[in-house]
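# Examining the three-dimensional arrangement
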Amino acid sequence: MSHTSKATERARCVVHVDLDCFYVQVERKMNPELLKVPCAVVQYNKFQGGGIIALSYEAKARGVRRSMRGNDARVVCPDIRLVTVPTANEKADLTRYRNAGSSVFEVCARHSDLCERTSIDEAYLDITLQARTLLSNMDEFKRRLRLSGVMIGTESNLADSDEFEKEIFWKDSLQPENNDTQDSLLAAGSVIVAEIRAAVKDKTGYTLSAGISHNKMLSKLVSGKNKPNKQTVLSSTKVEKLLSRLPLRDLNGFGGKLGDKLIDKCSIKYVGDLKKYSLMKLAKMAIGSEIVRINSATWMSQACRGICTETVKSRIAAKSISCGKTFRGPTRLRSIDNVKEYIDKLSIELAERLQNAKQKHRQVAKLITVSYHTGSKTVKRKGQEINLTGNISKSRSCRCPATPNAVNISKAVMQVLEKELDSECIRAGVTCLYIGASKLENVRDEATGIDTLLKKVVSASTATSESDSHLYIQKPKQAAKRRTGIEQMFTRPLTPYEPNKKPNRSLQAATRVSNDGGDIQQKEETKPTIHNLFFRAKSKSTKSNSSIRIQNQLTWNQVDQTVFRELPSELQKEVMSSIRSEMPQQATRRKRFKWSQKP
DNA sequence: TACGGTCACACT
DNA sequence: TAGTGTGAC
């Protein structure tokens, strides 16, 4: 990556924070006897000692693995301490971990520009502006650097790593003196992250690890490289080499069926191997009898080059709340009464959590969804049992009751289920029940006191900007015209570009699609799922044609210059060649300008 | 009949 | 929209 001042201006400092063996930390805080001994947190303990959901580093060192049951863990580590997750309403109750996580990310949110919680124990932070500010004052930088204990410019913590890792992962080994490098931004970021981690430790007692880099994908990739309780920096200069040797499945998004397919059918071993497929080849590439979708091809094409333009949002509250339970083996539910019994229990938990969301985040749900799995459906033909459908999984929704207490939720859910669960389903047995609340919207204050009225005014004037509040505020969604592939990646409507509105412009997130009213909606990055990467047999014939056809519709005027500039030169050439046939003269001028930045 | 309980999100 | 499926932890 070039170190032009333009690149430095655009560079972001994105952090991924990850709490170390979090459930264990929570249990240890409650019971210090568990400190420094091998221990694991298990869920339910009736079947083979329960399923392990968290492990201390001492237990990992003794050979215990997450895939083991509690009993297996005792075999390899006889003195392991097993702590059982509390239960409520006959199911595992994760409230204590959820709340502990919230306390951590509230601290993070107070200390960073943007904090986006992505799971019970992980979040992304964007500290670009803070890092830039720190970088602009070298004396201050050096003072805080000394206090933070961050080692700048030395290779450390890698004594046990192999030579390749030593070259790639430097723990905060960046040179901040040269203000014009992107690395200096990360160096300043390192100091800020160390301060945030110290604040979290101080306020909550929990330790976390962090990855610091220029985008979400890269920071997540390295946040676990020096666990526990350490942070790792990934310089942009090391990205290409790192990805060239990174096993494909290790990159976020490739860990599932997609990764398997690419490895099996295309002999791709490392992330970098994907680069040998051009964007167009990725789009047309056959994997078995299936074809990669073009919009996911663009995602892959960027990912294998270390490009990820997804922005960090400001949100620490969940967008949906759900709870459920599986009923394996003999516990499967075989009567509607039995189903109701558990829906009642789940409703108690959901109602409590909704109450909490209202108090804490002023959220109210609009939609209730129930989903269930049943066993196989079979019929008898000519005296033989024939399996018709295999397991069934379905979900149905209904409006959330105005007063979402347990009784009302259960009543609404059962109304749906009684229609849905026919005698055949009941005969097959229900193996899984989930209920959830979604479409969480920001509730208006209902009290009428003068202070509340004042608050209302304040919230109306400020709460529309996500960055002004750490609460997630649901914006009215508008149906965007869906665009795919290259068109989606490079086009933008004719609206003024606001360079300072966000720390960095996002590539696909910058794809703003005009709606009827001229409103703008941000289209987020396409996530690669096996579902959206491969055409299913039934839709193959029609959909593939429309996807591939997109390249012919692209014109130079639709190309987003800021997006184009960020692409590696080979991708730029590819895009150019795909539209060259209709290039107008004006475009030629632009083209020369662009090429001049990429020698 | 044994990797559970949750989340987010893409796509149709 | 509502429903289905994937992926991650």
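Calculation rules
Residues numbered from 1 in each chain as written. Chains lettered and ligands numbered in written order. Predicted model: local features only at pLDDT ≥ 70, side-chain atom pairs only at ≥ 80, totals over all residues. Heavy atoms only, no water. UniProt positions renumbered as here; feature names shortened; annotations may be inferred. Buried < 20%, exposed > 50% of the residue type's maximum accessible area, 1.4 Å probe, protein only. Helix = DSSP H or I, 4+ residues; strand = E, 2+ residues; numbered from the N terminus. Contact = heavy atoms within 4.5 Å. Pairing = 2+ DSSP bridges. Axes fitted to C-alpha atoms, helices over the stretch in contact; angles between N-to-C directions. Domains from an automatic or database assignment. Polar contact = N/O pair within 3.5 Å; in protein donor to acceptor, adjacent residues only side chain to side chain. Salt bridge = Lys/Arg side-chain N within 4 Å of Asp/Glu carboxyl O.

Per an unreviewed UniProt entry, chain A is named DNA polymerase eta, and its organism is Aplanochytrium stocchinoi. Turning to chain A, the UniProt record has this under Subcellular location (unreviewed entry): "Nucleus".

This part covers helix α2 (residues 22-30). In an α-helix there are 3.6 residues to a turn, and that puts residues three or four apart on one side. Counting buried residues in α2 gives seven out of nine residues, a clear majority hidden from the surface. Taken as a whole, α2 has its buried residues at Phe22, Tyr23, Val24, Gln25, Val26, Glu27 and Arg28. Looking at the packing, one finds that the buried side of α2 touches β1 (14-19), β2 (39-43), β3 (51-55), α3 (57-61), β4 (81-84) and α5 (95-111).

To continue, consider the sheet that holds β3. Reading across the sheet, the three strands line up as β3-β2-β4 and stay open at both edges, with mixed pairing between neighbours. Since the sheet does not close on itself, it has two edges, and those belong to β3 and β4, each with one partner. Going across the sheet, the axis of each strand differs from the next one's by a mean of 35 degrees, ignoring polarity. Relative to β4, β2 runs parallel, the two sharing four bridges. Bridging across to β4, Cys39 finds its partner in Arg81. Sheet contacts for α2: β2, β3 and β4; angle to β2, the most-contacted strand, approximately 105 degrees.

What follows is about the domain arrangement of chain A. Each assigned domain of chain A is listed here: domain 1 (22-88), domain 2 (246-307) and domain 3 (321-442). Spacing between the C-alpha centres of domain 1 and domain 2 amounts to 36 Å.

For Ser219, the location among the structural elements is in helix α10 (residues 216-223). For Ser219, a relative accessible area of 0% puts it in the buried group. Engagement of the side chain of Ser219 in a polar contact is seen with the backbone oxygen of Lys216, the distance being 3.1 Å.

Looking now at the environment of Thr128. Here Thr128 lies in helix α6 (residues 128-135). Taking C-alpha positions, Thr128 is 9.1 Å from Ser112, a pair spaced 16 residues apart along the chain.

Right, let's get into unusual backbone geometry. Between Lys227 and Pro228 the backbone carries a cis peptide bond, its omega angle lying at -10 degrees. Along the polypeptide, Pro228 turns up in the loop between α10 and β10 (231-233). In the Ramachandran plot, Arg362 falls in the positive-phi region, its phi being about 55 degrees despite a non-glycine side chain. If you trace the backbone, Arg362 turns up in the loop between α15 (336-361) and β14 (363-381). Under the relative-accessibility criterion, Arg362 is labelled partly exposed at 22%. Phi angles above zero are rare outside glycine, and Lys439 is one such case at about 50 degrees. What makes Lys439 partly exposed here is its relative accessible area of 48%.

For the structure on display, the rule yields 22 salt bridges. The salt bridge partner of Glu90 is Lys345, with a shortest N-O separation of 3.2 Å. Of this pair, Glu90 sits in the loop between β5 (87-88) and β6 (91-92) while Lys345 sits in helix α15, placing them 255 residues apart in sequence. Between Lys216 and Glu116 there is a salt bridge, with its nearest N and O atoms 2.8 Å apart. Highlighted residues: Lys216 in helix α10 and Glu116 in strand β7 (residues 114-119), separated in sequence by 100 residues. With a relative accessible area of 8%, Glu116 lands in the buried category. Among the charged side chains, a salt-bridge network with shared partners connects Glu140, Arg143, Arg144 and Glu195.

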